[in-house]
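The residues making up each chain are set out below.
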Amino acid sequence: MQADGGDGKGRKVYDRGFSIDGKAAFTAGNVISNMKGRYPDTGSDLLHHETLHITQSRIFGPIYQITYVAWLVIGAIVGLIASPFVDQSVGQSIRDMAYSNNPWERWGYHVGGSDGRAGELKW
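These figures come from a predicted structure and were not determined experimentally.

So, about the pattern of salt bridges. The final tally for this structure, using the stated rule, is two salt bridges. One salt bridge connects Asp 21 with Arg 117, and the closest N-O pair in it is separated by 2.8 Å. With a gap of 96 residues between them, Asp 21 in the loop between β2 (12-14) and β3 (26-28) and Arg 117 in the segment after α4 (103-111) connect regions that are remote in the sequence. On the accessibility criterion, Arg 117 (38% relative accessible area) is partly exposed.

Okay, structure coming up:
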């Protein structure tokens with residue numbers, strides 16, 4: 001279901017759609033999916049966060065996508081290696097290093113909210 005038919009911001013926002021974990025919103029290009037009723041609250045931290053990802057993609061183009069994915073892969077490896085040294089699950093360690101410490105996400109959370117699911121390895 002489309003939640004935003006066009007608000008003049010050059011984006012499409014959907015209430016449902018693709019999500020990595022079934023809970024989080026996901027942005028690809030100019031499309032934000034899986035807002036789960038959290039739109040049209042235009043003051044929403046999540047909307048600001050996801051809209052920043054659109055802006056990052058527009059400004060940095062393929063560098064944004066390439067470095068984002070590269071960070072995910074390398075961060076997952078580092079999280080796996082670091083996991084035995086911290087008191088949290090392997091999955092949480094991987095999430096911290098691959099996602100929570102990703103510079104693009106850090107910037108996004110600075111603009112819109114905080115990563116409340118981060119663990120011990122978040123910077």
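Glancing now at a nonpolar patch on the surface. A cluster of nonpolar side chains, contributed by Val 69, Val 73, Ile 74, Ile 77, Val 78 and Ile 81, occupies part of the molecular surface with about 540 Å² of accessible area. Locating Ile 77 in the fold gives a position in helix α2 (residues 62-82). Note on Ile 77: relative accessible area 49%, which makes it partly exposed.

The next thing to look at is α4. Every buried residue of α4 is accounted for by Trp 104, Glu 105, Gly 108 and Tyr 109. Here the buried residues of α4 occupy an arc of 130 degrees about the axis, which is enough to place them on one side. Among the structural elements, α1 (45-60), α2 and α3 (90-100) are those in contact with the buried residues of α4. Two or three places before Trp 104, at the opening of α4, Asn 102 has a side-chain oxygen 2.9 Å from that residue's backbone nitrogen. Trailing α4 by a residue or two, Gly 113 shows a phi angle of about 85 degrees, which is positive.

What counts and how
Residues numbered from 1 in each chain as written. Predicted model: local features only at pLDDT ≥ 70, side-chain atom pairs only at ≥ 80, totals over all residues. Heavy atoms only, no water. Salt bridge = Lys/Arg side-chain N within 4 Å of Asp/Glu carboxyl O. Helix = DSSP H or I, 4+ residues; strand = E, 2+ residues; numbered from the N terminus. Buried < 20%, exposed > 50% of the residue type's maximum accessible area, 1.4 Å probe, protein only. Patch = residues over 30% accessible without salt bridge, like charges linked within 9 Å, V, L, I, M, F, W, Y side chains within 5 Å. Areas by Shrake-Rupley, 256 points an atom, 1.4 Å probe, with all protein chains shown as cover. Arc of directions from axis to C-beta. Contact = heavy atoms within 4.5 Å. Polar contact = N/O pair within 3.5 Å; in protein donor to acceptor, adjacent residues only side chain to side chain.

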